[in-house]
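Examining the three-dimensional arrangement
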Amino acid sequence: RTVAVGPHGTHLPVSTRAELGVDHIACGEADSATVGAVRALLAGADASVLPGAAAPHNLLESPESRPRPFPNLRLEELAFPAYDLVPTADYTAEVISGGLPLPGPCGMVLAARGCTYGCTFCHLPFGTKMRNQPLDRVVCEIEAQQAAGLEFVFFLDYVFGINRVFYSELCARLEGRGVGWVGQTRAEVVLKSDVAAWARAGCQGMWLGAESPAIADTGVHKRVSEAQIEEAVLKLRDAGITPFAFVLLGLPQDQACVSGRLVDWAAKLPAWFGINQLYLRPGTALYDELAPRYNGGVLPATWREVQEVTRRYRAAYPIDLDQQQQRLIELPNYLGNAIAPVAG
Ligand code: SF4
């Protein structure tokens with residue numbers, strides 16, 4: 001029998017099962033759902049959507065009747081990853097060389113799951129509660145990836161530094177290990193943190209969820225000011241950490257995006273930036289609010305309808321988002337234009 005896990009199946013199980021042609025969908029966090037599904041199937045479960053009983057299609061795809069997820073396993077219970085089974089050097093991400101980003105072999109580590117901020121456009125596969133991994137485990141995972149030949153890792157934590165005690169201890173334990181890393185966080189957290197300690201721990205680059213200079217006024221519950229973003233970028237740079245900014249085009253009523261000021265702001269930002277256009281994602285509050293408006297008054301029941309919702313949202317946006325994206329791509333500090341110096 002075949003089982004699919006992950007956010008797609010968790011949010012639209014019937015459509016995901018039909019598209020993938022699998023026997024079962026297991027809902028919940030991918031690792032806990034995998035373990036839960038194997039246990040349930042061995043115990044005789046046969047529902048198409050696990051752990052709950054299958055519900056009629058039209059009921060299942062509405063938020064009120066989302067199937068319950070498998071409960072999360074305690075992080076201490078999860079098996080240690082078998083890095084030796086994976087060709088680690090084949091996985092690449094932005095690594096920093098001479099202060100510039102370039103693609104290179106990069107591992108991955110997650111010290112804490114979840115994010116307590118409630119930005120309504122953001123999909124949080126690990127939910128809104130923070131769960132920290134034991135620090136011994138985090139350090140062992142990094143050591144195992146170093147032993148497999150990697151010198152660089154990406155911290156997948158959504159808001160690096162959010163818990164000052166936990167991340168200070170983590171950084172203290174990373175000092176002197178010779179590992180370089182890039183992470184991601186928010187501007188206010190940078191402003192409250194000892195980023196020199198991050199740098200001593202090997203931090204060479206940090207992504208900020210900057211999104212737009214007018215993000216605080218867009219009603220998506222991300223109250224970060226333009227001044228905070230700039231201050232955080234400069235603070236990182238001064239600590240020797242290469243700053244990166246996520247830019248998000250097409251937020252609802254984003255006056256900076258609509259007027260084009262966003263492009264001038266990005267051009268002057270002393271940071272590399274990457275671009276995304278807003279996607280209305282199942283599992284987010286913004287999707288629940290806006291998707292019915294672009295789908296005949298009801299939430300989509302299929303992934304095709306989900307795609308259509310975003311296409312219609314973008315088409316109805318007051319400006320041409322593709323055109324604005326093109327203007328951004330032409331800026332010298334767009335990440336895709338980074339050119340690392342040739343060695344030697
Ligand atoms: S955008 Fe960042 S801060 Fe906001 S909810 Fe998502 S991960 Fe958390």
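Residues numbered from 1 in each chain as written. Predicted model: local features only at pLDDT ≥ 70, side-chain atom pairs only at ≥ 80, totals over all residues. Heavy atoms only, no water.

1. Topic: the layout of surface pockets
Approximately 1,300 Å³ is the volume attributed to the largest pocket. Forming the boundary of the largest pocket are 47 residues, of which Ala30, Leu110, Arg113, Pro125 and Phe126 lie nearest the centre. Of all the secondary structure elements, the ones that give two or more residues to the lining of the largest pocket are helix H1 (7-11), helix H3 (30-42), strand E4 (92-97), strand E6 (107-109) and helix H5 (135-147). Of the residues in the lining of the largest pocket, the class split is 25 nonpolar, 15 polar and seven charged. There are two domains that each give the lining of the largest pocket at least three residues, and those are domain 1 (3-65) and domain 2 (76-337). (1 Å grid on protein atoms, 1.4 Å probe; cavity = no way out; pocket = protein on both sides within 12 Å on 5 of 7 lines; lining within 4 Å. Points joined across faces, edges and corners; volume = space filled by probe spheres on them. Helix = DSSP H or I, 4+ residues; strand = E, 2+ residues; numbered from the N terminus. Nonpolar A, V, L, I, M, F, W, Y, C, P; charged D, E, K, R; others polar. Domains from an automatic or database assignment.)

2. Considerations on the sheet that holds strand E13 (residues 272-277)
Strands pair in a sheet through their backbones, by hydrogen bonds, and they do so in one of two ways: parallel or antiparallel. The strand order across the open sheet formed by six strands is E6-E9-E10-E11-E12-E13, and the pairing between neighbours is parallel. Across the chains shown, the open sheet's two edge strands, defined by having one partner strand only, are E6 and E13. Direction aside, neighbouring strands of the sheet carry axes that sit 20 degrees apart on average. One ladder, built from six bridges, connects strand E12 (residues 242-249) with E13; its direction is parallel. Residue Ala245 lies in a different strand from E13, and its bridge partner there is Phe273. In the packing of helix H9 (residues 226-238) onto the sheet, the strands contacted are strand E11 (203-211) and E12, and the crossing angle to E11 comes to about 175 degrees. Its contacts with the sheet place helix H11 (residues 261-268) against E11, E12 and E13, and it is angled at close to 170 degrees to E12. (Pairing = 2+ DSSP bridges. Axes fitted to C-alpha atoms, helices over the stretch in contact; angles between N-to-C directions. Contact = heavy atoms within 4.5 Å.)

3. Quick word on the side chain of Glu29
Looking at the secondary structure, you find Glu29 in the loop between strand E2 (24-26) and H3. Here Glu29 falls in the buried class, since its relative accessible area comes to 7%. For Glu29, the contacting residues outside a window of four places in its chain are Asn72, Arg113, Pro125, Phe126 and Arg131. (Buried < 20%, exposed > 50% of the residue type's maximum accessible area, 1.4 Å probe, protein only.)

4. Things to note about the site of the ligand
If you check the shell around the ligand, you find Cys115, Tyr117, Cys119, Phe121, Cys122, Leu124, Tyr158, Arg186 and Lys222 and nothing else. One can see that the ligand is located within the second largest pocket. (Near = heavy atom within 4 Å. Sits in = over half its atoms within 2 Å of the grid points.)

5. Points about the domain arrangement of the chain
Along its sequence, the chain is organised into domain 1 (3-65) and domain 2 (76-337). The C-alpha-based centres of domain 1 and domain 2 are spaced at 28 Å. Each partner contributes residues to the interface: domain 1 has twelve residues there, and domain 2 has 15 residues. Carbon and sulfur atoms make up 60% of the area that domain 1 and domain 2 hide from each other, which totals about 1,100 Å². Area buried by domain 1 at its contact with domain 2 is led by His11, Leu12 and Glu29, which between them contribute 43% of it. Applying the counting rule to domain 1 against domain 2 returns three salt bridges. Between Arg131 and Glu29 there is a salt bridge, with the nearest N and O atoms lying 2.4 Å from each other. In this structure, the connection of domain 1 to domain 2 is made through six residue pairs in polar contact (both at pLDDT 80 or more). Counting residues per element, the ones that place at least two in the side of domain 1 that touches domain 2 are H1 and helix H2 (13-20). (Buried area = accessible area lost by both parts, 1.4 Å probe. Salt bridge = Lys/Arg side-chain N within 4 Å of Asp/Glu carboxyl O. Polar contact = N/O pair within 3.5 Å; in protein donor to acceptor, adjacent residues only side chain to side chain.)

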